[in-house]
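Understanding the architecture of this molecule
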Amino acid sequence: MTEPKAATQFQNQIVHGPSPAPSTGSEPALGLPRGQALGFPVDARTGAKLKHVVESQQFTVPLLMELFERSRGMERVVARGGTLDYHSRIMATLFYAPSMRTRFSFEAAMLRLGGRVLSTEQAGAFSSEIKAEQVEDTIRIIAGYCDVIVIRHNTADGARRAAQVSAVPVINAGDGNGGQHPTQALLDLYTIYRERPINGLSVAIIGELDKGRTARSLAYLLAKFERVKIFFVSPPELQMKPDILEYLEEHDVRYELESDLERVIGEVDVVYQTRILPDRLHNANRGSLHRYALDSAMVQRMKPDALILHPLPRTAELDKSVDGDPRALYFRQARNGLFVRMALLTMLLEEN
Ligand code: CP
């Protein structure tokens, strides 16, 4: 039940932040004492402060519950047109890989909080990294211009490297192929939480799971809860990687590896569908793509109160004929991204 040593060391760093620089006697920007100018949320159970959001494992159940309560509050804030409370705060979004939902929802979140946004959607092309500057230097510079950085890097350790040098909170907006996408998993879990208790759920996570950063991050979050069972449904060559499976075993979370959705569709409470690109299947298996797809016939076999989620964008694995099903929550799920990201920003930015 223990974390690997390297992971624990990094976790300490991303929870508590880098060791403070020796005092120069000067106050940081905004004229507030250090730690108040950039306050961080406190985990009610451990008292630990959350400085950066790099991976799902950082979150504890009390911290998730605090986030979800705030997210409910943000639904009300948005309903009345937003707030100006964060008018003095600036968020930089630095995207090295394409995004529509994540970038827009973070930017909308900051704008609804009254803050301002600096943005580059092609950071690889429009930053000095095209001149071989390292992401560490880019982050050191940008951290001097803003209060929080949202980064989607194209390598699996890009956000971690950014967090290790940043003076302001860094949020991982999805990194690499086979990395993590923790804020997507937070909004996925919030969408489930809005519907029912998470303890005791059985969840099918479907798709190309070896590189599925949303699936990986969600598995880590689900592992925080009691009596959860996860079915990983994927072509064998694209199954969930051992790092996640070992984590689940260490934390006594039940899971099964499955290669046929039909065998589990009728017994799960949540169907979390993700993309499968046909190119990633072995030639011999291309014709089996339908075994992992949801269409109106497949959803008829689901429990009447099951939930259908998908992080989007979708391809052939989620047929449009499912959209009208009352169990299909994926557009609401995308909308929830706004509330959860607003809540997360307030937790990272507010004074404590
Ligand atoms: N779900 C998600 O991460 O979508 P984007 O790639 O559009 O941000």
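Residues numbered from 1 in each chain as written. Predicted model: local features only at pLDDT ≥ 70, side-chain atom pairs only at ≥ 80, totals over all residues.

Structural notes on the overall build of the protein chain
The helix and strand tally for the protein chain stands at 10 helices and nine strands. When the 352 residues of the protein chain are sorted by exposure, 42% land in the buried category. Residue pairs at least 24 apart in sequence account for 72% of intrachain contacts in the protein chain once pairs closer than 6 positions are excluded. (Helix = DSSP H or I, 4+ residues; strand = E, 2+ residues; numbered from the N terminus. Buried ≥ 20, exposed ≤ 12 C-beta atoms within 10 Å, placed from the backbone. Contact = placed C-beta atoms within 7 Å.)

Here's the deal with the site of the ligand
Neighbouring the ligand are S99, M100, R101, T102, G174, H181, Q184, P311 and L312. Partitioning the shell around the ligand into residue classes produces three nonpolar, five polar and one charged. (Near = placed C-beta within 6 Å. Nonpolar A, V, L, I, M, F, W, Y, C, P; charged D, E, K, R; others polar.)

With respect to the sheet that holds strand β1 (residues 90-95)
Sheets are built from strands paired through backbone hydrogen bonds, the pairs being either parallel or antiparallel. Strand order in the open sheet formed by four strands is β2-β1-β3-β4, and the pairing between neighbours is parallel. This sheet does not close on itself; its edge strands, each paired only once, are β2 (116-120) and β4 (170-172). This sheet shows a mean twist of 20° between the axes of neighbouring strands, independent of strand direction. Relative to β2, β1 runs parallel, the two sharing five bridges. (Pairing = 2+ DSSP bridges. Axes fitted to C-alpha atoms, helices over the stretch in contact; angles between N-to-C directions.)

Side note on helix α7 (residues 213-222)
Along α7, 10 of the 10 residues are buried, which leaves the element largely enclosed by surrounding structure. Among the residues of α7, R213, T214, A215, R216, S217, L218, A219, Y220, L221 and L222 are the ones counted as buried. Buried residues belonging to α7 abut α6 (182-193), β5 (202-206), β6 (229-233), α8 (242-250) and β8 (270-273).

Some thoughts on helix α4 (residues 135-142)
An α-helical turn contains 3.6 residues, so a residue and the one three or four places further along point in the same direction. Of the residues making up α4, those classed as buried are V135, T138, I139 and I142. For α4, the angular spread of the buried residues around the axis is 95°, confining them to a single face. Lining the buried residues of α4 we find β1, β3 (148-152) and α5 (158-165). (Arc of directions from axis to C-beta.)

A short note on the sheet that holds strand β9 (residues 307-309)
Strand order in the open sheet made by the five strands is β7-β6-β5-β8-β9, with parallel pairing throughout. With one partner strand each, in any of the chains shown, β7 (254-258) and β9 form the two edges of the open sheet. Looking at each pair of strands side by side, their axes are set apart by 15° on average, direction ignored. Note that β6 and β7 share five bridges and pair parallel. Its bridge partner lying in β7, F231 is registered against E256. Strands in contact with α7 are β5, β6 and β8; relative to β5, the strand with the most contacts, it is inclined by about 165°.

Comments concerning the environment of L222
Topologically, L222 is positioned in helix α7. Each C-alpha atom of the pair L222 and L248 lies 9.5 Å from the other, and the pair is 26 residues apart in sequence. Those residues within four positions of L222 in sequence are excluded, and the remaining contacts are V203, V228 and I230.

So, the pairing of β6
For a regular strand, side-chain orientation follows a simple rule: the groups alternate between the two sheet faces. Counting buried positions along β6 gives four out of five residues, so the element sits mostly inside the fold. One ladder, built from five bridges, connects β5 with β6; its direction is parallel. From the neighbouring strand, I205 faces β6, where its bridge partner is F232. Once the chain exits β5 it traverses α7 before rejoining the sheet at β6, and the crossover so formed is right-handed. (Right-handed = clockwise from strand over helix to strand, strands pointing away.)

Description of unusual backbone geometry
Across the junction of L312 and P313, the peptide omega takes the value 5°, indicating a cis bond. A positive phi angle, near 55°, is found at D252, a position not held by glycine. Note that D252 resides in the loop between α8 and β7. Even without glycine at this site, L312 takes up a positive phi of about 60°. Within the secondary structure, L312 is located in the loop between β9 and α10 (330-349).

Focus on the packing of α6 against α10
The N-to-C vectors of α6 and α10 enclose an angle of 115°; their axes lie 8 Å apart at closest approach. Viewed along their axes, α6 and α10 adopt a mutual orientation that is roughly perpendicular. Viewed along their axes, α6 and α10 form a crossing whose handedness is right-handed. Of the residues in α10, those in contact with T183, L186, L187, D188, Y190 and T191 of α6 are R332, Q333, N336, G337, V340, R341 and L344. (Parallel < 35°, antiparallel > 145°, perpendicular 65-115°, else oblique. Left-handed = near helix turned anticlockwise from the far one by under 90°.)

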